[in-house]
Amino acid sequence: MFKKASLVAFASAAALLLAGCGDDSDDTASPGSSSAAGGGGGGSSEQITLGFAQVGAESGWRTANTDSIKKSAEEAGIELQFSDAQQKQENQIRAIRSFIQQKVDVIAFSPVIESGWDAVLNEAKRANIPVILTDRAVDSEDTSLYKTFLGSDFVLEGQKAGEWLKEEYADEAGPVNIVELQGTTGAAPAIDRQQGFADAIAGESKFKMIASQTGDFTRAGGKQVMEAFLQAHKDIDVLYAHNDDMGLGAIEAIEAAGLTPGEDIKIITVDAVKDGMQALADGKINFIVECNPLLGPQLMDAVKKVVAGEEIPPRIETEETTFTQEQAKAALPTRQY
Ligand code: GZL
């Protein structure tokens, strides 16, 4: 069955052959883009072309997520047009428009922030190109704009972090002063992890959120904001960081201030990437809520089903757990990312 992208490639190849020269491949997805292995534009009639607009390369989690998507596309024989938006929504929108022009079979992306997608998603809908959301959600009212959202429950992740804190301080009267390093402003994981954590500790007045600010999911951001927190507050008991990378940056600031991370200031993070798990095993972090980045296999399965016209569930949730310091020591030797 010829796919649209192959028909276009076939037509342009035929035209070029008649013209007797040139090349029918077209890799101009968008700046910072690449077409991974799996065969170029004029592949077999069964060749599926997937356009993927990635957030960026801001954290260890993102790197693992990108690796999973590229590896899974290759294994599935799906041609991947990949774009890195450097954490800018306008770059993701530009990449999606480029995928529409290229008439890819499916578009998938991880929306850097929740809002501002309706226009470009309606363009994809008018072009009859199905869209799959991975990792992060959009706040659009119109759920017909995408086939499914494949990713974690970030509110639950925040709740798991709050539940651990309540356990940890069950026998203490408090006050327990908490500072929070939020993820990227407007991003679904930042909004939901903050909400879930706040919901979990809401019933206990001993927990005081004394400062909360975005570190943009990066180590540099986490270090910079934690330095400011330490300057402003001499009585911080707990840091809740929305990802390992900000937590690792904060550890640098805590140690530079002459304090002991994991003891003077207890630290809870989210992700469970290798560097975070090492810090947990070393006692510098106290608890990590896992957020699974290995979405590649489930994404490629969904892409093939969508192209084949099969129904897929509107929500595909990823499996994930939590880690204490002891569990991190046991898990590290076989950690995939
Ligand atoms: C969560 C993902 C977040 C990670 C961060 O699914 O979107 O973005 O928790 C990453 O590490 O930057």
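Check the entry above for the structure.
Residues numbered from 1 in each chain as written. Predicted model: local features only at pLDDT ≥ 70, side-chain atom pairs only at ≥ 80, totals over all residues. Heavy atoms only, no water.

## Focus on the packing of helix H2 (residues 60-76) against helix H10 (residues 296-307)
- In the contact formed by H2 and H10, the axes pass within 8 Å of each other and the chain directions differ by 45°. Between H2 and H10, the crossing angle belongs to the class labelled oblique. Relative to H10, the crossing made by H2 is right-handed. The segment H2 lies against H10, with Ser-68, Ile-69, Ser-72, Ala-73 and Ala-76 engaging Gly-296, Pro-297, Leu-299, Met-300 and Lys-304.
- Residues of the contact of H2 with H10, tallied by class, amount to 6 nonpolar, 3 polar and 1 charged. (Axes fitted to C-alpha atoms, helices over the stretch in contact; angles between N-to-C directions. Helix = DSSP H or I, 4+ residues; strand = E, 2+ residues; numbered from the N terminus. Parallel < 35°, antiparallel > 145°, perpendicular 65-115°, else oblique. Left-handed = near helix turned anticlockwise from the far one by under 90°. Contact = heavy atoms within 4.5 Å. Nonpolar A, V, L, I, M, F, W, Y, C, P; charged D, E, K, R; others polar.)

## Things to note about the pattern of salt bridges
- Applying the stated rule across the entire model yields 17 salt bridges.
- For Lys-166, the salt bridge identified is with Glu-163, shortest N-O distance 3.3 Å. One end of the pair, Lys-166, and the other, Glu-163, are both in helix H5 (residues 154-168), 3 residues apart, so they sit about a helical turn from each other.
- Its salt-bridge partner being Lys-223, residue Glu-252 comes within 3.5 Å of it at the nearest N-O pair. (Salt bridge = Lys/Arg side-chain N within 4 Å of Asp/Glu carboxyl O.)

## Some thoughts on the packing of aromatic side chains
- One pass over the full model with this rule turns up 5 aromatic pairs.
- Between the aromatic rings of Phe-109 and Trp-117, the centroid separation amounts to 4.8 Å while the plane-to-plane angle is 55°, which identifies the pairing as tilted.
- Where Tyr-169 meets Phe-207, the ring centres are 6.4 Å apart and the plane angle is 90°; that geometry is what we call edge-to-face. Of the two residues, Tyr-169 sits in the loop between H5 and strand S7 (176-182) while Phe-207 sits in strand S8 (residues 207-214), which places them 38 residues apart along the sequence. The residues Tyr-169 and Phe-207 share a single accessibility class, namely buried.
- Directly above the ring of Phe-82 sits Lys-70, whose terminal nitrogen or CZ lies 4.5 Å from the centroid.
- Above the plane of the ring of Tyr-337 lies Arg-335, whose end atom (NZ or CZ) is 4.6 Å from the centre. (Phe/Tyr/Trp six-rings, centres within 6.5 Å; stacked < 30°, edge-to-face > 60°. Buried < 20%, exposed > 50% of the residue type's maximum accessible area, 1.4 Å probe, protein only. Lys NZ or Arg CZ within 6 Å of the ring centre and 35° of its normal.)

## Looking at helix H6 (residues 188-201)
- Compared with an ideal rise of 1.5 Å per residue, which puts 14 residues at 20 Å, H6 spans 20 Å between its outermost C-alpha atoms and is within 8% of the ideal.
- All of the buried residues along H6 are Ala-188, Pro-189, Ala-190, Arg-193, Gly-196, Phe-197, Ala-200 and Ile-201.
- Packing partners of the buried residues in H6 comprise H5, S7, S8, strand S9 (238-241) and strand S10 (266-271). (Expected span 1.5 Å × (residues − 1).)

## Considerations on helix H8 (residues 244-256)
- Relative to the 18 Å expected for 13 residues at 1.5 Å per residue, H8 spans 18 Å between its end C-alpha atoms, a close match to the ideal helical length.
- By the criterion of burial, H8 is predominantly enclosed, with 10 of the 13 residues buried.
- The complete set of buried residues in H8 reads Asp-244, Asp-245, Met-246, Gly-247, Leu-248, Gly-249, Ala-250, Ile-251, Ala-253 and Ile-254.
- With its phi angle positive at about 80°, Gly-258 sits one or two positions after the end of H8.

## Considering the sheet that holds strand S13 (residues 322-323)
- A sheet is described by the order of its strands in space; here 6 strands give the open sequence S8-S7-S9-S10-S11-S13, paired in mixed fashion. Of all strands in the sheet, those bounded by a partner on one side alone are S8 and S13.
- Of the pairings in the sheet, the one linking S7 to S8 comprises 7 bridges and is parallel in character. Considered in S8, the bridge of Leu-181 is made with Gln-213. (Pairing = 2+ DSSP bridges.)

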